[in-house]
2 protein chains.
Amino acid sequence: MLKENRKKYHHGDLKAALVEAGLAELEEKGLESVSLRSIAARVGVSHTAPKNHFDGLRGLLTAMATDGFRRHAAEMQRGVEDHPPGKARLDAACNGYLRFALENPELFKLMFTSRFHLSDDDALKQAGWASYSVLRDVAHGLDWDKAGAPGGPWRTEWMLWSLVHGYAMLLIDGEIRREDDGAPPFRMDEIMPGFGYFPDVIDNRPKPFQGQRRGED
Amino acid sequence: MLKENRKKYHHGDLKAALVEAGLAELEEKGLESVSLRSIAARVGVSHTAPKNHFDGLRGLLTAMATDGFRRHAAEMQRGVEDHPPGKARLDAACNGYLRFALENPELFKLMFTSRFHLSDDDALKQAGWASYSVLRDVAHGLDWDKAGAPGGPWRTEWMLWSLVHGYAMLLIDGEIRREDDGAPPFRMDEIMPGFGYFPDVIDNRPKPFQGQRRGED
DNA sequence: CCTCCATATTTCCAATGTAAATTTTTCTTC
DNA sequence: GAAGAAAAATTTACATTGGAAATATGGAGG
């Protein structure tokens with residue numbers, strides 16, 4: 001029972017404070033320089049204090065990545081609701097995806113680098129799936145994803161996801177050079193292909209695809 | 001003056017041996033576990049010996065990434081030469097891209113993670129560009145990249161690159177689950193969109209890609 | 001007030017990357 | 001060929017890191 005909304009045991013809500021401090025350190029110093037000790041020092045506790053709340057450094061990074069996925073989803077959702085289903089909504093979601101990645105590059109890389117976190121963490125998986133679902137739902141409203149499309153819905157989703165994710169990654173890593181003001185050279189709607197299918201694929205339809213499961217549920 | 005074809009100073013060609021050992025350590029233990037000391041130990045020299053040949057750990061990783069880009073290019077080029085320009089050649093190049101990524105996941109991640117290497121290294125930049133050029137050249141032979149395509153050649157290249165790269169990344173990170181035998185759920189030619197352009201983009205353009213939108217019009 | 005227990009600290013340790021000084025081997029020059 | 005110069009590699013040392021173990025702290029419930 002908390003007497004105030006802040007003070008609890010010794011520090012207060014150290015768990016949340018560590019995640020917040022970790023995110024700040026992350027964008028300030030970069031993924032290579034975040035350390036348990038620097039994060040703990042920022043909060044003002046000893047470097048072993050996080051042990052009571054997280055499973056080591058990777059546990060803390062996992063919580064940070066989970067928070068990242070939630071923000072990521074929110075960033076996509078932001079523009080989605082303003083547009084009716086269709087191309088405009090797709091663009092809005094993709095722009096959100098890209099915007100988040102470019103504004104939080106270190107966090108974005110952390111989210112998608114399994115070596116830094118505990119990939120089988122339940123909260124992380126759930127947040128990751130929720131984030132992906134925003135994109136997925138938008139894609140399902142498009143005409144090139146109508147029932148009967150070869151490969152089923154997974155193919156369309158992953159095609160779209162791969163494109164957006166790859167574009168974000170290449171921009172973050174500097175493989176594709178950005179404009180002087182930091183903007184990508186092409187907007188999402190400019191770099192979005194029609195996502196139609198090559199004639200030979202259409203002709204051979206229906207193709208049997210079966211292995212289309214992801215995290216499930 | 002080398003008395004034999006390899007023996008030079010004390011060890012011989014330590015520089016190449018370190019790169020080779022580093023690549024072995026990389027795929028065996030993963031990117032998080034490679035260390036200067038473990039690589040040096042594998043070669044049988046002290047942990048400070050690499051200092052004479054590389055600029056610290058990042059220098060060594062840079063050399064490894066450079067080697068990775070060369071192999072990457074070779075893997076793409078392998079299938080390209082067997083096919084005439086067109087969709088088949090595109091598939092071959094993309095399959096090479098993907099195959100390399102899935103067979104050398106740790107090296108692939110190293111290549112595209114600027115924080116681990118010295119991004120402004122000349123050899124690295126050149127090898128990276130050479131690798132990209134394989135994909136670029138193939139893309140330029142396609143009909144949806146003919147002169148007049150909106151956005152110019154860069155747009156087409158980056159659209160294609162983003163898709164392949166994103167698919168590879170999502171597979172490596174486990175975001176898109178692979179088959180039990182390790183194969184991706186969709187082959188490259190299955191997940192390749194027509195890369196035509198959305199109507200609102202192409203309507204005022206001379207060269208739309210025919211058959212881009214499946215079944216509807 | 002007193003005990004319990006989650007929380008946090010202190011202390012310690014192995015591993016890492018890097019720098020400096022030193023030793024060993026090879027090359028160059030006479 | 002010998003001596004000195006240069007290159008290569010080792011030894012030693014150090015600051016940082018993540019983590020383990022033992023200890024101290026302070027609020028909750030009796």
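Residues numbered from 1 in each chain as written. Chains lettered and ligands numbered in written order. Predicted model: local features only at pLDDT ≥ 70, side-chain atom pairs only at ≥ 80, totals over all residues. Heavy atoms only, no water.

Quick look at the packing of helix α4 (residues 87–103) of chain B against helix α7 (residues 152–172) of chain B
Residue and element names in this part refer to chain B.
Part 1 of the argument: Running from N to C, α4 and α7 cross one another at 30°; their axes reach a closest spacing of 9 Å. Considering the angle they form, α4 stands roughly parallel to α7. Of the two elements, α4 crosses α7, and the hand of that crossing is right-handed. For the pair formed by α4 and α7, the contact residues are Leu90, Cys94, Tyr97, Leu98, Ala101 and Leu102 on the first element and Leu160, Trp161, Val164, His165, Tyr167, Ala168, Leu171 and Ile172 on the second.
Part 2 of the argument: Across the contact of α4 with α7, the residue classes tally to 13 nonpolar, one polar and no charged. (Axes fitted to C-alpha atoms, helices over the stretch in contact; angles between N-to-C directions. Helix = DSSP H or I, 4+ residues; strand = E, 2+ residues; numbered from the N terminus. Parallel < 35°, antiparallel > 145°, perpendicular 65-115°, else oblique. Left-handed = near helix turned anticlockwise from the far one by under 90°. Contact = heavy atoms within 4.5 Å. Nonpolar A, V, L, I, M, F, W, Y, C, P; charged D, E, K, R; others polar.)

A few points about the packing of helix α6 (residues 122–139) of chain A against helix α7 (residues 152–172) of chain A
All names here are of chain A.
Part 1 of the argument: Packing of α6 against α7 leaves a shortest axis separation of 10 Å and a crossing angle of 110°. Considering their axes alone, α6 and α7 lie roughly perpendicular with respect to each other. Within the contact between the two elements, α6 uses Trp129, Tyr132, Leu135, Arg136 and Ala139 and α7 uses Trp154, Glu157, Trp158, Leu160 and Trp161.
Part 2 of the argument: For the contact of α6 with α7, the residue count by class is eight nonpolar, no polar and two charged.

A closer look at the layout of surface pockets
Part 1 of the argument: Looking at the largest pocket, its volume works out to about 630 Å³.
Part 2 of the argument: Every residue lining the largest pocket is counted, 23 residues in all, and those nearest its centre are A:Gly174, A:Glu175, A:Ile176, A:Arg177 and B:Lys125.
Part 3 of the argument: Listing elements by their share of the lining of the largest pocket, those giving two or more residues are α7 of chain A together with α6 (122–139) and α7 of chain B.
Part 4 of the argument: The leading source of residues in the lining of the largest pocket is α6(B), at five residues. (1 Å grid on protein atoms, 1.4 Å probe; cavity = no way out; pocket = protein on both sides within 12 Å on 5 of 7 lines; lining within 4 Å. Points joined across faces, edges and corners; volume = space filled by probe spheres on them.)

Focus: the nonpolar core
Part 1 of the argument: Counting residues in each nonpolar core, the largest one holds 120 residues, and the members touching the most others are A:Phe108 and B:Phe108.
Part 2 of the argument: In terms of residues, this core owes the most to one element, α7(A), which gives 13 residues.
Part 3 of the argument: In this structure, A:Phe108 is in contact with A:His72, A:Tyr97, A:Phe100, A:Ala101, A:His165, A:Ala168, A:Met169 and A:Ile172, ignoring residues within four places of it in sequence. (Core = buried A, V, L, I, M, F, W, Y, C linked by side-chain atoms within 4.5 Å. Buried < 20%, exposed > 50% of the residue type's maximum accessible area, 1.4 Å probe, protein only.)

Thoughts on helix α1 (residues 14–29) of chain A
Residue and element names in this part refer to chain A.
Part 1 of the argument: Here α1 contains 16 residues, and its C-alpha end-to-end distance of 21 Å stays within 8% of the 22 Å for a straight helix at 1.5 Å per residue.
Part 2 of the argument: For α1, every residue scored as buried is listed here: Leu14, Ala17, Leu18, Val19, Ala21, Gly22, Leu23, Glu25 and Leu26.
Part 3 of the argument: Looking at the buried side of α1, the elements it contacts are α2 (36–43), α3 (56–80) and α5 (105–111).
Part 4 of the argument: Among the residues trailing α1, Gly30 stands out with phi positive, at a value near 90°. (Expected span 1.5 Å × (residues − 1).)

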